[in-house]
Amino acid sequence: MAHKQIIIIGGGVIGLGIGWQLAKAGASVTIYERGEAGRAASWAAAGMLAPLAEAHTEESVLLKLGCESLARYPQWVRELEADAEMSIGYRMEGTLIIGLEPDDTHQLRHLYTAQQDLGLDVEWLSGREAREIEPVLSPRVTAAIHCTTDYQVDNRQMVAALQRAYQACGGVLHENSAVERIVIENRIATSVQTQDGFQAADVVLLSAGCWSAQVDGLSETIRPPIRPVKGQMLALQMEEGIAINSVIRTVRARYPTSVYLVPRTDGRLIVGATSEEMGFDTRLTVGGVFELLRGAWEAVPGIYELPILETWAGLRPGSRDNAPILGETPVENLIYATGHYRNGILLTPITAYEIAKLILTGETSEIIAPFQLDRFSK
């Protein structure tokens, strides 16, 4: 496989991660990215590694994938930081999920029961016990779930590290260079069409996030069912006396938006995120920003005094069942790694390691087998 030509469509963390692993193994890899590498959903994310906090009883297969990816993070961090010669802000302070009212506590207890039924390592705390961990929490916090193994990484640093490591291993990156069409002949992917003409490929990997369904050349039967899901976010500057160390997530029974607060080592505090079915609209709205600020202020009243550094909106790639689409397709030499929805950063290591292994050896591992495209036609 080392002498074969691999073309990757999409240069977010998924495309860059797979490309890095392939280039490192000696393969010839070219990434085509429609904008700047890693500046779409990968840049807009909060970097939470939260399979336990995001766990749902009806998504046990996805939970298993998330937990396996989290387990591979220490290896991923060591390898990536060594190859890129930079930190990616991996932090292990854990996550607190908090409730502020009786209705919230009821919802929180329901989540805790579900987590216990799944055998997850979580702990129930009183409001007082939660404030012992994070003193700036509101006195209104009545209860919390402590997910000690839900961590975080600085996704923007990870983007920079992946681009650096990929190119250091010999990977070729074309930015502002969209793939217009995947060329399929006799059910075999043979090349892609870009603004510079046709580029032959032995393997074509589609990892274009929420734009994956927009690439021409795919019949309706193999077009990945991916849609954009808008998330508005903002960053505050923490100050002395108003700082947190853990990731904090709220459960709000009466409000449309539950929020999370993610502290960064550089003093930023990421607040997110709305979840809106608005197509490719990335405009910020008064209502969206208001809900985020209200939710954050109710959890940590001291943020009222903090300066706002940045506001933005990103587009998550959601599949029909909100789980990723990974692996082979009915078209030979066409592989998908897309649709990671809210879990792109968490699932980057498992996706990169397993899709690279599939391309290099032809083997689909048991852990990604349930996420192939054919699940939608079964």
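Check the entry above for the structure.
Nothing here was measured: the structure is a model prediction, and the numbers come from that model. (Residues numbered from 1 in each chain as written. Predicted model: local features only at pLDDT ≥ 70, side-chain atom pairs only at ≥ 80, totals over all residues. Heavy atoms only, no water.)

**Regarding the sheet that holds strand β11 (residues 197-200)**
Read across the sheet, three strands follow the order β9-β10-β11 without closing on themselves; strand pairing throughout is antiparallel. A strand with exactly one partner marks an edge of an open sheet, and here the two such strands are β9 (181-185) and β11. Averaged over all adjacent pairs, the angle separating strand axes in this sheet is 35°, with direction ignored. Of the pairings in the sheet, the one linking strand β10 (residues 188-194) to β11 comprises four bridges and is antiparallel in character. (Pairing = 2+ DSSP bridges. Helix = DSSP H or I, 4+ residues; strand = E, 2+ residues; numbered from the N terminus. Axes fitted to C-alpha atoms, helices over the stretch in contact; angles between N-to-C directions.)

**Details of the environment of Ala 213**
Structurally, Ala 213 is set in the loop between β12 (203-206) and β13 (226-237). A relative accessible area of 14% places Ala 213 in the buried class. As a C-alpha pair, Ala 213 and Arg 227 span 14 residues in sequence and 7.7 Å in three-dimensional space. Excluding anything up to four places from it in sequence, Ala 213 contacts Arg 223, Pro 224 and Ile 226. (Buried < 20%, exposed > 50% of the residue type's maximum accessible area, 1.4 Å probe, protein only. Contact = heavy atoms within 4.5 Å.)

**Comments concerning the sheet that holds strand β4 (residues 95-99)**
Strand order across the open sheet formed by eight strands is β5-β6-β4-β14-β15-β16-β13-β17, with mixed pairing between neighbours. The open sheet is flanked by β5 (123-126) and β17 (308-319), the only strands paired with a single partner. If you compare each strand with its neighbour and ignore which way they point, the axes differ by 25° on average. Of the pairings in the sheet, the one linking strand β14 (residues 247-250) to strand β15 (residues 260-263) comprises two bridges and is antiparallel in character. Residue Arg 249 lies in a different strand from β15, and its bridge partner there is Tyr 260. Along the sheet, helix α8 (residues 286-299) makes contact with β4, β13, β14, β15, β16 (268-272) and β17, crossing β13 at roughly 50°.

**Regarding the packing of helix α3 (residues 60-71) against helix α9 (residues 348-361)**
A pair of packed helices can be characterised by two numbers: the angle between their axes and the separation between those axes. In contact at an axis separation of 7 Å, α3 and α9 are set at 90° when each is read in the N-to-C sense. On the basis of the axis angle, α3 is roughly perpendicular to α9. Note on element contacts: α9 touches α3 through Thr 348, Pro 349 and Ile 350, opposite Leu 65, Glu 68 and Ser 69. Broken down by class, the residue content of the contact of α3 with α9 amounts to three nonpolar, two polar and one charged. (Parallel < 35°, antiparallel > 145°, perpendicular 65-115°, else oblique. Nonpolar A, V, L, I, M, F, W, Y, C, P; charged D, E, K, R; others polar.)

**Digging into the pattern of salt bridges**
Scanning the entire structure with this criterion turns up 23 salt bridges. In this structure, the salt-bridge partner of Lys 24 is Asp 83, at a minimum N-O distance of 3.0 Å. Taken together, the positions of Lys 24 in helix α1 (residues 13-24) and Asp 83 in helix α4 (residues 73-84) put the pair 59 residues apart, joining distant regions of the chain. Taking relative accessible area as the criterion, Lys 24 reaches 38% and is therefore assigned partly exposed. Among the residues examined, Asp 83 registers a relative accessible area of 25% and is labelled partly exposed. Note that Arg 264 and Asp 154 form a salt bridge whose closest N and O atoms lie 3.6 Å from each other. Linking Arg 264 in the loop between β15 and β16 with Asp 154 in the loop between β7 (151-152) and α7 (155-168), this pair joins segments that are 110 residues apart in sequence. (Salt bridge = Lys/Arg side-chain N within 4 Å of Asp/Glu carboxyl O.)

**Quick word on the nonpolar core**
Grouped burial of nonpolar side chains is what soluble globular proteins tend to show. In this structure, Trp 76, Leu 80, Met 158 and Ile 355 are the most contacted members of the largest nonpolar core, which totals 53 residues. If near-sequence neighbours (up to four positions away) are discounted, Trp 76 is found in contact with Gly 17, Trp 20, Gln 21, Ile 88, Met 158, Leu 162, Thr 348, Pro 349, Ala 352 and Tyr 353. (Core = buried A, V, L, I, M, F, W, Y, C linked by side-chain atoms within 4.5 Å.)

**Section: the packing of aromatic side chains**
Counted by the stated rule, this structure contains six aromatic pairs. Ring geometry for Trp 76 and Tyr 353: centres 5.6 Å apart, planes at 85°, overall edge-to-face. With Trp 76 in helix α4 and Tyr 353 in helix α9, the pair connects residues that are 277 residues apart, well separated along the chain. Tyr 353 shares its class with Trp 76; the two are buried. Here Tyr 90 and Tyr 151 contribute two aromatic rings whose centre-to-centre distance is 6.0 Å and whose plane-to-plane angle is 85°, an arrangement assigned as edge-to-face. Here Tyr 90 is found in the loop between α4 and β4, whereas its partner Tyr 151 is found in strand β7, with 61 residues between them in sequence. Grouped by ring-pair contacts, the aromatic residues Trp 20, Trp 76 and Tyr 353 constitute a single cluster. Cation over ring: Arg 39 sits above Trp 43, and NZ or CZ is 3.7 Å from the ring centre. Over the aromatic face of Trp 312 sits the side chain of Arg 156, whose NZ or CZ is 4.7 Å from the ring centroid. (Phe/Tyr/Trp six-rings, centres within 6.5 Å; stacked < 30°, edge-to-face > 60°. Lys NZ or Arg CZ within 6 Å of the ring centre and 35° of its normal.)

**Quick look at α9**
Between its first and last C-alpha atoms α9 spans 20 Å; for 14 residues at 1.5 Å apiece the expected length is 20 Å, and the two agree. Judged by how many residues are buried, α9 sits mostly within the fold: 11 of 14 residues are covered. Those residues of α9 that fall on the buried side of the exposure criterion are Thr 348, Pro 349, Ile 350, Thr 351, Ala 352, Tyr 353, Glu 354, Ile 355, Ala 356, Leu 358 and Ile 359. Count one or two residues on from α9 and you reach Gly 362, which has phi positive near 80°. (Expected span 1.5 Å × (residues − 1).)

**What to know about the pairing of strand β19 (residues 334-338)**
For β19, the tally of buried residues reaches five of five residues, placing the bulk of the element in the interior. Side chains Leu 334, Tyr 336 and Thr 338 project from β19 onto one buried face, and the interleaved Ile 335 and Ala 337 project onto a second face that is buried too. Looking at chain direction, β12 and β19 are connected through three bridges and run parallel. Across the sheet, the residue bridging to Val 204 is Leu 334, located in β19. One ladder, built from four bridges, connects strand β18 (residues 325-328) with β19; its direction is antiparallel. Within β19, the position partnered with Leu 326 by the bridge is Ala 337.

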